Amino acid sequence: MNIAIVFAGGIGQRLSNGENSIPKQFLKINDKPIIIHTLELFEKHEQIDKIYISIHPDYYDYMQELVKHYYITKTAGIVKGGATGQDSIYNALKLAYDENSEDSIVLIHDGVRPNITSEVITENINCVKQNGNAITCTSCFETILISENGVNPQHVPYRKHTYSAQAPQSFRLGEIVEAHEITRKINPQYTDIVDSCTLFKSLDKKTFIVKGNRGNIKITTIEDLYILRSLIRYKEDLEAFGGFANV
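Here is what the cut-offs are and how they apply
- Residues numbered from 1 in each chain as written.
- Predicted model: local features only at pLDDT ≥ 70, side-chain atom pairs only at ≥ 80, totals over all residues.
- Heavy atoms only, no water.
- Helix = DSSP H or I, 4+ residues; strand = E, 2+ residues; numbered from the N terminus.
- Buried < 20%, exposed > 50% of the residue type's maximum accessible area, 1.4 Å probe, protein only.
- Contact = heavy atoms within 4.5 Å.
- Areas by Shrake-Rupley, 256 points an atom, 1.4 Å probe, with all protein chains shown as cover.
- Pairing = 2+ DSSP bridges.
- Right-handed = clockwise from strand over helix to strand, strands pointing away.
- Salt bridge = Lys/Arg side-chain N within 4 Å of Asp/Glu carboxyl O.
- Axes fitted to C-alpha atoms, helices over the stretch in contact; angles between N-to-C directions.
- Parallel < 35°, antiparallel > 145°, perpendicular 65-115°, else oblique.
- Left-handed = near helix turned anticlockwise from the far one by under 90°.

Q: I tried to follow the overall build of the protein chain on my own but got confused; where do I start?
A: Secondary structure assignment for the protein chain yields seven helices and nine strands. For the protein chain, with 247 residues in total, the buried portion stands at 48%. For the protein chain, the share of sequence-separated contacts (at least 6 apart) that also reach a separation of at least 24 residues comes to 73%. Only carbon and sulfur atoms are counted for the fraction: they give 48% of the accessible area of the protein chain, which is about 13000 Å².

Q: Any chance you could explain the pairing of strand E5 (residues 75–80) here in plain terms?
A: Regular strands have side chains that alternate between both faces of the sheet. Two strands pair when backbone bridges link them, and strand E4 (residues 50–55) and E5 are joined in this way by five bridges, in the parallel orientation. Considered in E5, the bridge of Ile53 is made with Ile78. The parallel pair E4 and E5, bridged by helix H2 (residues 60–69), forms a crossover whose chirality is right-handed.

Q: Can you help me understand the pattern of salt bridges in this one?
A: Two side chains with opposite charge may pair up if their charged atoms get near one another. Scanning the entire structure with this criterion turns up five salt bridges. Here Glu40 ties to Lys32 by a salt bridge, and the two come within 3.0 Å at their closest N and O atoms. Here Glu40 falls in the buried class, since its relative accessible area comes to 14%. A salt bridge links Lys205 to Glu175, with the nearest nitrogen and oxygen atoms 3.8 Å apart. Remark: Glu175 occurs in helix H5 (residues 173–186) and Lys205 occurs in the loop between helix H6 (196–202) and strand E9 (209–211); sequence separation between them is 30 residues. Residue Lys205 is classed as partly exposed on the basis of its relative accessible area of 21%. Relative accessible area serves as the criterion here: at 29%, Glu175 is assigned to the partly exposed category.

Q: Sorry, what's going on with the packing of helix H3 (residues 85–99) against H5 here?
A: Relative orientation and spacing of two packed helices are given, respectively, by the angle between their axes and the distance between those axes. Interaxial distance between H3 and H5 falls to 10 Å at its minimum, and their mutual angle equals 135 degrees. By the angle between their axes, H3 is oblique relative to H5. Helix-helix and strand crossings are classified by hand; for H3 and H5 the assignment is left-handed. Counting all contacts with H3, which are made through Gln86, Asp87, Ile89, Tyr90, Leu93, Lys94, Ala96 and Tyr97, the residues of H5 involved are Leu173, Gly174, Ile176, Val177, His180, Glu181 and Arg184.

If you want it as structure tokens, here you go:
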């Protein structure tokens, strides 16, 4: 069983939209909410069997309406998110764990990363089958500086050794649930745990890289929204002319 866990429980960081500001996952591009663009990637992928969604409690009913309206038929469950992103992921993982075998593959993905390619999803599944997990990454084009005080760079790693972690980040269901439960006992607030890769590495577990597509941006700022609109328009234009965009 290959399962997508899509989390979009945030509400604090919003893209400004006047008095009617809404969480960024519900902003529309081409008259469709960003989270639906994301869900459709997994809905259309032939190897994905189920989708579980973690959403902010205030938007739980609205999310149920959206999956029905846009025919996200692989939706197996919608759960209410928690206090942190990792809490939200854990809530969805627990439901998936209760309903599926622990050796199922889970692809954990941001609800506001709506431009992952089908090939990257496939590579995540293959990498988990071969190595036990998969972390989608792209090589860094710019020099990365390490600074603990925010004033002076203490370390400059070789650029060829630096990568930017993205999503999906994929695991065996039983192993990632166990990692969460261990962490929740020793670090219940998930302090300094920014994603599933960090969670795994904090427990000294080995992880494996899958090359991602550079257009797989996370929508965080208004600039990201403009970029996403351009990418989606570009892909639609190519598809209309029988082309293919691996961005």
